[in-house]
Amino acid sequence: METVACILCGSTGGTARVIPSTGACNADVKDETFTLITCPCGFTYLNPRPTREEIKAYYPSEYYPPAELSSRTKVDRLFKRLSKVMKKGIREEFYGYPGTSRSWVVRLLRRIALYPEYWHLQFAGRDILPFKGQGRLLDVGCGPGRLLQELRGQGWDVYGVDFSPVAVSRAQSVGLNVKEGDLLTAGFESNYFDVVNFSHSLEHVFDPVATLQEARRILKPGGRVLLFLPNAGSAEAALFGDWWVAWDPPRHLFHFDRRSSARLLELAGFQAVKTTTSTSKSSFLGSADCYFQYVAKSQRKHGSLLRHVAGVGCLVLGHLGYGGELKAMAEKPS
Ligand SMILES: [Zn+2]
C-alpha cells in the first residue's frame, strides 16, 4: 500500500472513514476494509491505496460491464428496434447528425413526434454528443469498444485505449483502433482529437491531473473532454452510506462531486462547459440490495414497488443535480 496527498490541494490531512468491501456485494473483491480520507478541501479519496502493482490483483481479467442480454421476447425486440429508430431520429433532428433528406413537412412532424423523448433525455441529463462531421473521438478506458462501435456507426472516427489485454483484443477483432495501456504512454499526436471521453474510467487512474493534462494536449483547441463519474455528492451516496456500490474500494481511487470535478478540470487547464447528473436505476438498486443484505440482514432482493418508485425518484434526483452519475463537459481553450 502507498500513502498519497490530496491531488487537488496537496494536503495530507483530513477525516478518515472506513469502508467495508465485501465479496457478497462485489464478486471480485475479498472481505477487506479500506480507508477513505475527506480532505479539508472537501475532496474524498482512497488513502492509503494499493500500489500500481498491487491493484492488479483487484481486477478480474474481464473488468467491464457484461454485454446486454439479447432480447428474449418478440415484444422486447420490437421495443428495442423502436428505441433505435427514435434515437436515430433524435440525433438527426436535434443534434445535427446527417440523415436522408426529407420534405420539411415530414421533418416537422418527426420533430414534433420526437420532442417528448428529446425533452426526457434533456431532463434526465442524458444529452447526446452533437455531430462534428467526421469528428475524431478517443475513448479512454474503452473496454471491448461497445461505445466506439456505436459511435463509428454514427459517423465518428473512433480510437480507444484500455488497460485490459482481453478487452483490447476484443475491440481489435471488430476492426477498432485501440491501444493497450494508459493514456499517458499512448503517445497520440498533439491537437488531434475533437472529443476525449472518459466513461467511468478517470476514478480508476493513479494520476487524474496528469491524465487530463495529456487529454488537453491531444485535443484540438476548442475540443471537448467528457467525464462520466460516480457522483460522491449524490443522494444515493448519502442514502446508502458505506453500502453505496460506487465506493468500490480499492478500484475507485477518487470520489468526485460537482465541485471537485470542476476543480480537477480547472487544474488540468480546461474551461467548464456544463455539468449534469443522472441516476441509473440499476446502480441505485444494486446499492439497495447490498444495503438490505448487510444492514437489514435480509436476503430479499428489491421488490417491484421499489423498482418503480426508484425509476421516478432517480429521474428527478438526477435532474436536480443529486444523481449518482456525474457528467462534466469541458473545453480546451482556443
Ligand atoms: Zn484537498
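No experiment lies behind these values; they were computed from the predicted model shown.

Visitor: Explain the overall build of the protein to me, and be specific about the residues and the numbers.
Guide: Tallying secondary structure elements over the protein gives 11 helices and 11 strands in all. For 334 residues, the compact-globule estimate of 2.2 N^0.38 gives 20 Å, and the protein sits close to it at 21 Å. Seen through its principal axes, the protein has C-alpha atoms that stretch 65 × 50 × 40 Å. When burial is assessed residue by residue, the protein has 33% of its 334 residues classed as buried. Here the analysis covers contacts within the protein between residues at least 6 apart in sequence; of these, 72% occur between residues at least 24 apart.

Visitor: With reference to specific residues and values, describe the environment of Y115.
Guide: Turning to its location among the elements, Y115 is positioned in helix α3 (residues 104-123). Y115 sits in the partly exposed class, given 13 other C-beta atoms within 10 Å. For the pair Y115 and E93, spaced 22 residues apart in the sequence, the C-alpha separation amounts to 9.3 Å.

Visitor: Pulling in residues and values, what's your account of the sheet that holds strand β7 (residues 193-199)?
Guide: One open sheet holds the seven strands; their spatial order is β6-β5-β4-β7-β8-β11-β10, and the pairing between them is mixed. With one partner strand each, in any of the chains shown, β6 (177-180) and β10 (271-278) form the two edges of the open sheet. The sheet shows a mean angle of 15 degrees between the axes of neighbouring strands, taken without regard to direction. Looking at chain direction, β7 and strand β8 (residues 219-230) are connected through six bridges and run parallel. Bridged to F198 within β8 is L227. Set on the sheet, helix α5 (residues 165-173) makes contact with β5 (157-162) and β6; between it and β6 the angle comes to about 160 degrees. On top of the sheet, helix α7 (residues 208-218) reaches β7 and β8; it is set at about 145 degrees to β8, its chief contact.

Visitor: Give a description of helix α9 (residues 258-267) that names residues and reports values.
Guide: Note that an α-helix has 3.6 residues per turn; residues three or four places apart therefore point the same way. Here α9 has its buried residues at S260, S261, L264 and L265. In an axial view of α9, the angular spread of the buried residues amounts to 140 degrees, which keeps them on one side of the axis. On the buried face of α9, the contacting elements are α7, β8, β10 and β11 (325-331).

Visitor: Outline the confidence of the model for the protein, listing residues and values.
Guide: With 91% of its residues at a pLDDT of at least 70, the protein reaches an overall mean of 88. Summarising per-element confidence for the protein, the mean pLDDT is lowest in helix α10 (residues 281-294) (77) and highest in α7 (98).

Visitor: Run through the packing of α7 against α9, naming residues and quoting values.
Guide: At their nearest, the axes of α7 and α9 sit 9 Å apart, and the two run at 55 degrees to each other. Compared by their axis directions, α7 and α9 come out oblique. Seen from above, α7 lies across α9 with right-handed handedness. Here α7 contributes P208, V209 and L212 to the contact with α9, which in turn contributes L264, L265 and L267.

Visitor: So what's going on with the sheet that holds strand β1 (residues 15-21)? Residues and values would help.
Guide: What the four strands build is an open sheet, ordered β1-β2-β3-β9; its pairing is antiparallel. Whereas interior strands pair on both sides, the edge strands pair on one side only; in this sheet they are β1 and β9 (254-255). One ladder, built from seven bridges, connects β1 with strand β2 (residues 32-38); its direction is antiparallel. If you follow V18 over to β2, its bridge partner there is T35.

Visitor: How would you summarise the domain arrangement of the protein if you had to cite specific residues and measurements?
Guide: What the domain assignment reports for the protein is domain 1 (74-124) and domain 2 (134-331). Look at where the C-alpha atoms of domain 1 and domain 2 centre, and you get two points 25 Å apart. Contacts between domain 1 and domain 2 engage five residues on the former and six residues on the latter. Of the residues contributing to the side of domain 1 that touches domain 2, the split by class is four nonpolar, no polar and one charged.

Visitor: I'd like a rundown of the packing of helix α2 (residues 74-94) against α3, residues and numbers included.
Guide: It is at 10 Å that the axes of α2 and α3 come closest, and there the two elements cross at 105 degrees. Judged by the angle between their axes, α2 and α3 are roughly perpendicular. For the pair formed by α2 and α3, the contact residues are M86, G89, I90, E93 and F94 on the first element and R110, R111, L114, E117 and Y118 on the second. For the contact of α2 with α3, the per-class residue count stands at five nonpolar, one polar and four charged.

Cut-off values and rules
Residues numbered from 1 in each chain as written. Predicted model: local features only at pLDDT ≥ 70, side-chain atom pairs only at ≥ 80, totals over all residues. Helix = DSSP H or I, 4+ residues; strand = E, 2+ residues; numbered from the N terminus. Rg over C-alpha atoms; globule rule 2.2 N^0.38 Å. Buried ≥ 20, exposed ≤ 12 C-beta atoms within 10 Å, placed from the backbone. Contact = placed C-beta atoms within 7 Å. Pairing = 2+ DSSP bridges. Axes fitted to C-alpha atoms, helices over the stretch in contact; angles between N-to-C directions. Arc of directions from axis to C-beta. pLDDT = per-residue confidence, 0-100. Parallel < 35°, antiparallel > 145°, perpendicular 65-115°, else oblique. Left-handed = near helix turned anticlockwise from the far one by under 90°. Domains from an automatic or database assignment. Nonpolar A, V, L, I, M, F, W, Y, C, P; charged D, E, K, R; others polar.

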